[in-house]
Amino acid sequence: MRAYDIIYKKRNGRKLSKEEISFMVDGYNYGKIADYQMSAFLMAVYFQSLDDEETFALTETMAKSGEILDLIFLDGPTADKHSTGGVGDGTSLLIAPILAACDVYVPMMSGRALGHTGGTLDKLEAVPGFNVNLDKEKFIEVLKKNKFAMIGQTKEVAPADKKMYALRDVTATVESIPLICSSIMSKKIAEGAKNILLDVKTGNAAFMQKYEDAKLLAQKMVQAGKMFGRNMCAVITDMDEPLGNAAGNSLEVIQTLEVLKNKIENDFSDLSFDLSAYILVQTGISENFEAARNKVKEKISSGQALEKFIKMIELQNGNTKVVDDYSVFGKAQNIYKITAHENGYLKYVNTRNIGIAACLLGAGRLKTEDKVDPVSGIIFNKKSGDKVCKNDVLFELHYNKADIKSVVEILNTSYIISGGKQEKIKFIKEIID
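Numbering of residues begins from 1 in every chain and follows the order in which that chain's sequence is written. Only residues with pLDDT of at least 70 get local features here, since the model is predicted, and only at 80 or more are side-chain atom pairs given and counted; chain-wide, interface and lining totals rely on the full set of residues. Values reported for side chains reflect all heavy atoms of the structure, with hydrogen atoms and water molecules removed beforehand.

Novice: Explain the side chain of K299 to me, and be specific about the residues and the numbers.
Specialist: Strands are runs of DSSP state E lasting at least two residues, helices are runs of H or I lasting at least four, and both sets are numbered from the N terminus onward. By the secondary structure assignment, K299 is in helix α13 (residues 289-301). The classification of residues rests on relative accessible area computed with a 1.4 Å probe and restricted to protein chains. Under 20% of the type maximum is buried, over 50% is exposed, and intermediate values are partly exposed. On the accessibility criterion, K299 (10% relative accessible area) is buried. Note on contacts: a residue pair is in contact if any heavy atoms of the two residues lie within 4.5 Å. Beyond its immediate sequence surroundings of up to four residues, K299 is in contact with A101, C102, Q304 and A305.

Now the structure itself:
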């Protein structure tokens, strides 16, 4: 068997066997297949796609390239949630402690910001001292003590995916449904959670901008998870406007803390509460959505979810003083306010560009080696459908070093103010299970 023949076969649109897919993945993982050959294979898959059997074989091989965690020793249900990313999408920060307070174990491995999307790991690292690089033993220790832990991908979990994703990122082969499916699901299968909820974004700031593509991806991932015996649910959600009132690392953690303290509610908290409720039904903790939603609210109002979040910070070496004193995060040297020039109703028209603007302020990275500024970002004082008056503040830009003129130009083309009243966005569009 040769890599050349497998690449040639897929390039010409023919179906690959499980053995051929395993040969490519394992060969690349162990350094027997060169970058240029795997790049050619990925491009062939990008153009010719994979059917369900091929996608399952790719997912299985990638999952088995490392260790698959067995969490059977835990005395309760296990669940994980994955989002395909967007602007202001920090729901993992809120969902995990809520579920833990409801006696669900949440072994969560997350990613970093790239391009216009934020990353959970960068948000957590805005907390001084917070360690996302736990080894397997420490990860399980934190999980046992607090029912949830949030870390980066370990070297033991799906190492083939880590290598292949890095290559996809630089060869323009990221936006492939079977490759996205196998990348996400190989990690989720390897993490060991029996219940998996997928938040699949659609809209102008999502990887799957077209609704039909998002739905197809959701269906593929649900099917792949079920083939591994996982209890699956996918929720297709809107990413045509920023979620919540902040995009930026410490800004989003502060927003999460304000929700956990029961001080604010917004579309970020609403979506997080809904997704948490779906998982509680999925795991059998609650009989129906209404009961689950009430349980979620009770864990917020009682302070139990906040206690779990604080305990996670402590167990992962973060400075818990940030909970009561936000100045511990640090503060941006500059704040620039963009105001409305007329009366009317706000409507976002290019949320992807808003994510890029936050990135240019320092909140994200354009290249994997870029460093993020934990205190930079954007606060959204108005959302789509809100009435605005002339001189109302629409955006607060927090930054240390940035080409602020360019950022303002980007933001000024990303929204409109119209005379007619706008409908509020309904974030959850469809549920697939």
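Back to the text.
Novice: Give a description of the packing of aromatic side chains that names residues and reports values.
Specialist: Aromatic rings from Phe, Tyr and Trp, taking only the six-membered ring of Trp, are treated as a pair when their centres fall within 6.5 Å; an angle between ring planes under 30 degrees marks them as stacked, one over 60 as edge-to-face, and anything in between as tilted. This structure, assessed with the given rule, holds nine aromatic pairs. When the centroid spacing of 4.8 Å and the interplanar angle of 35° are considered together, the rings of F56 and F228 count as tilted. With F56 in helix α4 (residues 52-63) and F228 in the loop between α10 (211-227) and β5 (231-238), the pair connects residues that are 172 residues apart, well separated along the chain. Summarising the aromatic geometry, the rings of Y326 and F329 are spaced 6.5 Å apart at their centres and angled 45° between planes, so their arrangement reads as tilted. The exposure class of F329 is buried, given its relative accessible area of 6%. Here the aromatic residues Y348, F380, F395 and Y415 are joined through ring pairs into a cluster of three or more. Lying across the ring of Y28, K163 places its NZ or CZ 4.5 Å from the centre. Criterion for a charge above a ring: Lys NZ or Arg CZ within 6 Å of the ring centre, and within 35 degrees of the ring normal.

Novice: Now, about the sheet that holds strand β7 (residues 334-339): what can you tell me, with residues and values included?
Specialist: Within the open sheet, the four strands sit side by side as β6-β9-β11-β7. Their pairing is antiparallel. Where the open sheet ends on each side, the last strands, each with one partner, are β6 (246-247) and β7. Paired strands, in this sense, are two strands between which DSSP finds at least two bridges. Bridging between β6 and strand β9 (residues 377-380) involves two bridges; their strand directions are antiparallel. When the bridges of β9 are listed, A247 appears paired with I378.

Novice: Please provide a residue-by-residue account of the pattern of salt bridges, values included.
Specialist: What counts as a salt bridge is simple: a side-chain nitrogen of Lys or Arg found within 4 Å of a carboxyl oxygen of Asp or Glu. The full count for this structure, using the stated rule, is 28 salt bridges. A salt bridge links K188 to D80, with the shortest nitrogen-to-oxygen separation between them at 2.7 Å. Of the two residues, K188 is situated in helix α9 (residues 177-191) and D80 in strand β1 (residues 79-83); the sequence distance between them amounts to 108 residues. D80 carries the same exposure label as K188, and that label is buried. For K299, the salt bridge is made with E298, and the minimal N-O distance between the two is 3.7 Å. Each of K15, D51 and E53 takes part in a single network of salt bridges with overlapping partners.

Novice: How would you sum up the layout of surface pockets? Please name residues and give values.
Specialist: Volume-wise, the second largest pocket comes out at about 310 Å³. Throughout, the protein atoms alone are placed on a 1 Å grid, and a set of points is a cavity if a 1.4 Å probe fits but cannot get out or a pocket if it is open with protein on both sides within 12 Å along at least five of seven lines; lining residues have an atom within 4 Å of a point. Around the second largest pocket, the lining comprises 14 residues; the ones closest to its centre are N266, D267, D270, I425 and F427. In terms of residue count, helix α12 (residues 267-283) provides more of the lining of the second largest pocket than any other element does, four residues in total. Polarity classes work like this: nonpolar for Ala, Val, Leu, Ile, Met, Phe, Trp, Tyr, Cys and Pro, charged for Asp, Glu, Lys and Arg, and polar for all others, with Gly in that last group. In terms of residue class, the lining of the second largest pocket is built from four nonpolar, three polar and seven charged. Grid points are joined across faces, edges and corners, and a volume is the space filled by probe spheres set on the points.

Novice: Break down the nonpolar core for me, citing the residues and quoting the values.
Specialist: Residues belong to one nonpolar core when they are buried, are Ala, Val, Leu, Ile, Met, Phe, Trp, Tyr or Cys, and are joined through side-chain atoms within 4.5 Å. Of all hydrophobic cores here, the largest spans 77 residues; its most connected members are I378, F395 and L397. Considering each element in turn, this core owes the most residues, eight residues, to helix α5 (residues 91-101). Not counting the four nearest positions on each side in its chain, I378 is found in contact with N245, A246, A247, L251, I354, A357, A358, L361, F395, E396, L397 and L411. With 23 residues, the next largest nonpolar core counts M185, L217, A218 and F228 among its residues.

Novice: Can you break down the packing of α5 against α12 residue by residue, with the values?
Specialist: The N-to-C vectors of α5 and α12 enclose an angle of 45°; their axes lie 9 Å apart at closest approach. When the axes of α5 and α12 are compared, the pair comes out oblique. In the crossing of α5 with α12, the sense of the turn from one axis to the other is right-handed. Where α5 approaches α12, its residues T91, L94, I95, I98 and L99 are matched on the opposing element by F268, S269, L271, S272, F273, L275, S276, I279 and L280. Taken together, the residues that form the contact of α5 with α12 break down as ten nonpolar, four polar and no charged. Between the N-to-C directions of two axes lies an angle of 0 to 180 degrees, each axis being a line fitted to C-alpha atoms and, for a helix, fitted only over the stretch in contact. The labels follow the angle: roughly parallel below 35 degrees, roughly antiparallel above 145, roughly perpendicular from 65 to 115, and oblique for the rest. Should the near helix be turned counterclockwise from the far one by less than a right angle, the crossing is left-handed, whereas a clockwise turn marks it as right-handed.

All we've got here are geometric facts, nothing functional implied.
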